[in-house]
Amino acid sequence: MEETDREAVATAVQRVAGMLQRPDQLDKVEQYRRREARKKASVEARLKAAIQSQLDGVRTGLSQLHNALNDVKDIQQSLIDVNKDWRQSINTIENLKDVKDAVVQHSQLAAAVENLKNIFSVPEIVRETQDLIERGELLQAHRKLMDLEFSRDNLMYEQYRMDSKNTHDMNLIHTYFGDMQKLSEELAKQLWMVVQRSLVTVRRDPTLLVSVVRIIEREEKIDRRMLDRKKQTGFIPPGRPKKWKEKMFNILERTVSTRIEGTQADTRESDKMWLVRHLEIIRKYVLDDLLVAKTLLDERFPPHYDIFNKLLNMYHQALSTRMQELAAEDLEANEIVSLLSWVLNTYKSAEMMGNSELSPEVDVNSLNPLISQNVVDQLLSKYMSTLTSNIIGWLRKALETDKKDWIKETEPEADQDGYYQTTLPAIVFQMFEQNLQVAAQINEDLKTKVLLLCLQQMNSFLTRYKDEAQLYKEEHLKNRQYPQCYVQYMIAVINNCQTFKESIISLKRKYLKVETEDTLSSSHTSMDATLDIIAKEGCSSLLDEVFMDLEPHLNELMTKKWLMGSNAVGTICVTVEDYFNDFAKIKKPYKKMLHAVYWSSPAETSVMTGHSLTRYKEQGCKAKQRSVLKTMTIEAHRRVVVEYIRAIMLKRISFKNAEERKEGAERMIKEAEQFRFLFKKLAAGSGEDTEGLCDIIEAIAEVIKLTDPSLLYLEVSTLVSKYPDIRDDHIAALLTVRGDASRDMKQTIIETLDQGPSQPNPNYVPIFKEITVPTLTVPKLLK
């Protein structure tokens, strides 16, 4: 109390100090005193009233407590009386069954009255709900459907309570609300359509997807409520539980599986790269879908749905199933490697599950393998065996296709430099490249095995290629009018040999490690030798073709028709030039190797393998760098001169007088000049000395042209000294063509020449040894 008094005094002092801050306020002290006195009186009055009120309340409370005590005593006595009466009338309760039934009936009628409006308006509500479903207003449609179901379920529940065995009334209610079940199914179809397209819908119309999820959640709550009531009463409405959440996940799982399976747009028959396309589409779709699921879909579903992880598991399982199905198919070699590369590398790479945007939700290390290691091993084993048979088949088919081109009536295609070629090398090495690129996707070991396999099969293939080229030549010789473009395609075959060589080197450089090159040296050498033989035989057949066309014109040489002005040599020159215009389409990089092989026998060529062939290439090619075309030009020049001299030695004509000898000799000199001009033109820039061959014709012409028979021995001896391989029968034939040498003169000249010394030119290449004189021998001639 003292402390309260002190606080009151202090407060009063503060109030007085506040009122008397200025001198003029002292005049108002009496006024302030009266105002404070009034306030004090008012406070005291209120205080007295409050205390009186509290006292009245306490008095009233005490009175009520007393009354309550009396009431409790009365109630206690009444309960004792009721208990006594109940015990006395317990048997009477059994007679109240009718009252109980009336109460239940009353409850049903009350429920019917409560749902009366909905019962009478069921058809209208059904139509409205159907319209809402068709307009896509699913939430409103579901609300009305819930009202209908609520009315039906309450009626059926009350009927169940009254008589659970009365199926007739239950069926009656169920039939009356029959359209409601159809509405529920129709609404479910719309929901599942949205769920199936959820990854698209969430981007275009996320509100619709959210509405679907809300409807499913509503149904889940109703299912739980109905199951709880079933536990209590044993009643559950028809169609419950709907389990729409479970169905939603089943729909999503089927949708994922269908999406994975539906990415196969092509088949092996329509597209050889069908599997690569299929796997790439799967990769893109799965990655896009999971990114959408993580960034957009996860936000539209309740957290307890765990929608992203569930979708991830669905995609992984669907992919595993699909990969196993593909592995069980009869896959081709490149398809097996494509599948393994995708399963082992691509799936967990940054291009798919290892994408940074999917982390940390997706841990590639925790993902199970799509296919087992046992399946992987089986696929690799099947790959090598399948690839072996496939390469053999592909090479055979490629060769058959190329052979069909050989008999076409149109010229082969030319490359950018104008050289004839066929598609065979490109097809073969494109096939090799494709298989090597595919194998490289797995590992280096498989790539090396595939390269070794390709080169081994290439070696066998080139042998078949050589045989087919030879058959091609033989078939042409049976009927030289067929095929029409034989020369052009034989040129293409020769060019293919160079392309094959370059492609083999390129393939090894690109795919073979340096340490493994030694294992292929013998195989490479063998392939080079086979290619050289093919090119050499092709060149030989082309020159044979030229001289078969020249044969009738060569037969006109040194005949009376020729002496009278035949244009056989002009025709020969035109024909040779025409052929060599085609021969210009032979590739130049094929250097001196062919030239050397051309002069060697097939037996010699066949044994030139290994180190000897390598050394030959190094030394021989350095000696002379000569293209196939230049080699053929020199050989054609040589053969033309040989055939011309052979025509002389055949003694088709014998000049009758000096005038004919002069005319014939001048004609020979003129034709030698024509040959010289032609082959100099064809061999332009070769650096080869080709004029010496035509000098032989001119030297023979000088012998024929000689007018003084006494000088004949001197002229013949000069001829023999230049060309020491000339034989006695050649001299006899030449003197016979002159027509003025007697038998004794021939005998004397031949015997004298046999006794004379011979000093051959070391640079001279024998030519007369190739020429035989199919006439009587010299002894018979002299008789």
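Residues numbered from 1 in each chain as written. Predicted model: local features only at pLDDT ≥ 70, side-chain atom pairs only at ≥ 80, totals over all residues. Heavy atoms only, no water.

## A look at the nonpolar core
Counting 195 residues, the largest nonpolar core has F583 and F768 as its most contacted members. Top contributing element to this core by residue count: helix α18 (residues 486–511), with 13 residues. Contacts of F768, omitting those with residues within four sequence positions, involve I645, M649, I696, I700, Y723, D725, I726, R727 and H730. (Core = buried A, V, L, I, M, F, W, Y, C linked by side-chain atoms within 4.5 Å. Buried < 20%, exposed > 50% of the residue type's maximum accessible area, 1.4 Å probe, protein only. Helix = DSSP H or I, 4+ residues; strand = E, 2+ residues; numbered from the N terminus. Contact = heavy atoms within 4.5 Å.)

## Remarks on helix α26 (residues 658–682)
If you check α26, its first and last C-alpha atoms are 36 Å apart, about what 25 residues at 1.5 Å a residue would give, namely 36 Å. Taken together, the buried positions of α26 are occupied by R661, G664, A665, M668, E671, A672, F675, R676, L678, F679 and L682. The N-capping residue of α26, defined by a side-chain oxygen 3.1 Å from the backbone nitrogen of E659, is N657. (Expected span 1.5 Å × (residues − 1). Polar contact = N/O pair within 3.5 Å; in protein donor to acceptor, adjacent residues only side chain to side chain.)

## Topic: the confidence of the model for the protein
Per-residue confidence for the protein gives a mean pLDDT of 82, with 86% of residues at or over 70. Across residues 590–625 the pLDDT falls below 50, and counting only partners more than four positions away or on other chains, this stretch makes 55 contacts in the model. A low-confidence stretch, residues 777–783 stays under pLDDT 50, and its non-local contacts, those more than four residues away or across chains, total ten contacts. (pLDDT = per-residue confidence, 0-100.)

## Looking at unusual backbone geometry
Backbone torsion omega between S359 and P360 reads 5°, so that peptide bond is classified as cis. Cis rather than trans, the peptide bond between Y482 and P483 has omega equal to -5°. The residue P483 is located in the loop between α17 (444–478) and α18 in this model. The phi torsion at D306 lies on the positive side, around 50°, for a residue other than glycine. Its location among the elements puts D306 in the loop between α12 (274–300) and α13 (307–328).

## Observations concerning a nonpolar patch on the surface
On the surface, a cluster of nonpolar side chains totalling about 250 Å² of accessible area is made up of V16, L20 and L26. Mapped onto the elements of the fold, L20 is located in the loop between α1 (2–19) and α2 (29–88). (Patch = residues over 30% accessible without salt bridge, like charges linked within 9 Å, V, L, I, M, F, W, Y side chains within 5 Å. Areas by Shrake-Rupley, 256 points an atom, 1.4 Å probe, with all protein chains shown as cover. Salt bridge = Lys/Arg side-chain N within 4 Å of Asp/Glu carboxyl O.)

## Examining the side chain of S184
Within the fold, S184 resides in helix α8 (residues 178–196). The exposure class of S184 is buried, given its relative accessible area of 6%. Look past the residues within four positions of S184 in its chain and what remains in contact with it is L145, E149, K242 and W244.

## Here we look at the state of the cysteines
Tallied over the full model, the rule gives zero disulfides. Between C694, a free cysteine, and C573, which holds the nearest cysteine sulfur, the sulfur-to-sulfur gap is 9.2 Å. The class for C694 is buried, based on a relative accessible area of 0%. (Disulfide = S-S within 2.5 Å.)

## Examining the pattern of salt bridges
According to the stated counting rule, one finds 39 salt bridges in the structure shown. A salt bridge links E770 to R638; the shortest N-O distance between them is 2.5 Å. Of this pair, E770 sits in the loop between α30 (743–755) and α31 (778–782) while R638 sits in helix α25 (residues 628–649); the two residues are 132 residues apart in sequence, bridging distant segments of the chain. Overall, the relative accessible area of 37% leaves E770 in the partly exposed class. Members of the salt-bridge network, linked through shared partners, are E219, D223, R240 and K242.

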